[in-house]
Amino acid sequence: KTMVSGDYPRIWPQLLKAIINLFEIPEQTYTLEEDIMDISERGFKTAYCRLAASAEKKYDPLADVPNVKQYLALSLGQLSKQYPGKIKAAIGNGLPAEHQGALERYLSQAGATIA
């Protein structure tokens, strides 16, 4: 209930805009060669030299979610059923038109609605 009351509803548009940007803006890719600096540029210290091949395994909190756009749409749909009118009011006109279009597309593809 906290997410749909108090000061939180006013940040919903910014939060959804950031999430939709994350989904829609293509990920920047690079090759390993671009990431590795020449040892002469970096310098060499005998105390500590991290191996490039020993990078830590990155944790993916959404590894078990096959379609994050659908998950967002279904979650918003379920939340709006619990709190009718509050989610739509929280999003309101604060979400730019292009982001509203993307959100509507996610909702349509998931078969969900925001009441």
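Details of the structure are given in the entry above.
Note that this is a predicted model, so its numbers are computed, not measured.

So what exactly am I meant to see when it comes to helix α4 (residues 68–82) here?
One full turn of an α-helix is made of 3.6 residues, so residues set three or four places apart face in the same direction. With 15 residues, α4 extends 21 Å from end C-alpha to end C-alpha; this agrees with the ideal 21 Å at 1.5 Å per step. For α4, every residue scored as buried is listed here: Leu-72, Ala-73, Leu-76, Gly-77 and Ser-80. Looking down the long axis of α4, one finds its buried residues gathered within 130 degrees of arc, a one-sided arrangement. In α4, those exposed residues whose orientation departs by more than 90 degrees from the buried face are Gln-78, Lys-81 and Gln-82. Check the buried side of α4 and you find it contacts α1 (12–24), α5 (86–91) and α6 (97–110). Two to three positions downstream of the cap, the backbone nitrogen of Lys-69 sits 3.1 Å from a side-chain oxygen, assigning the N-cap of α4 to Asn-67.

Help me out: how do you make sense of the packing of α1 against α6 in this one?
Helix-helix packing: each pair is described by the crossing angle between the helix axes and the interaxial distance. Where α1 meets α6, the axes come as close as 10 Å, and the angle between the chain directions of the two elements is 70 degrees. As judged from the angle between their axes, α1 and α6 are roughly perpendicular. Between α1 and α6, the contacting residues are Leu-16, Lys-17, Ile-20, Asn-21, Phe-23 and Glu-24 on the first element and His-99, Ala-102, Leu-103, Arg-105 and Tyr-106 on the second. Tallied by class, the residues present in the contact of α1 with α6 amount to six nonpolar, two polar and three charged.

What's the story with the nonpolar core in this structure? I'm lost.
If you look at the biggest cluster of nonpolar residues, it comprises 18 residues, and the most contacted ones within it are Leu-16, Leu-76, Ile-87, Ile-91, Leu-103, Tyr-106 and Ile-114. Where this core is concerned, the elements lending two or more residues are α1, α4, α5 and α6. If you tally residues by element for this core, the top one is α6, at five residues. When neighbours within four sequence positions are excluded, Ile-114 is seen to be in contact with Leu-76, Ser-80, Ile-87, Lys-88, Ile-91, Leu-103 and Leu-107.

Here is what the cut-offs are and how they apply
Residues numbered from 1 in each chain as written. Predicted model: local features only at pLDDT ≥ 70, side-chain atom pairs only at ≥ 80, totals over all residues. Heavy atoms only, no water. Helix = DSSP H or I, 4+ residues; strand = E, 2+ residues; numbered from the N terminus. Expected span 1.5 Å × (residues − 1). Buried < 20%, exposed > 50% of the residue type's maximum accessible area, 1.4 Å probe, protein only. Arc of directions from axis to C-beta. Contact = heavy atoms within 4.5 Å. Polar contact = N/O pair within 3.5 Å; in protein donor to acceptor, adjacent residues only side chain to side chain. Axes fitted to C-alpha atoms, helices over the stretch in contact; angles between N-to-C directions. Parallel < 35°, antiparallel > 145°, perpendicular 65-115°, else oblique. Nonpolar A, V, L, I, M, F, W, Y, C, P; charged D, E, K, R; others polar. Core = buried A, V, L, I, M, F, W, Y, C linked by side-chain atoms within 4.5 Å.

Just geometry here; none of it tells us what the structure is for.
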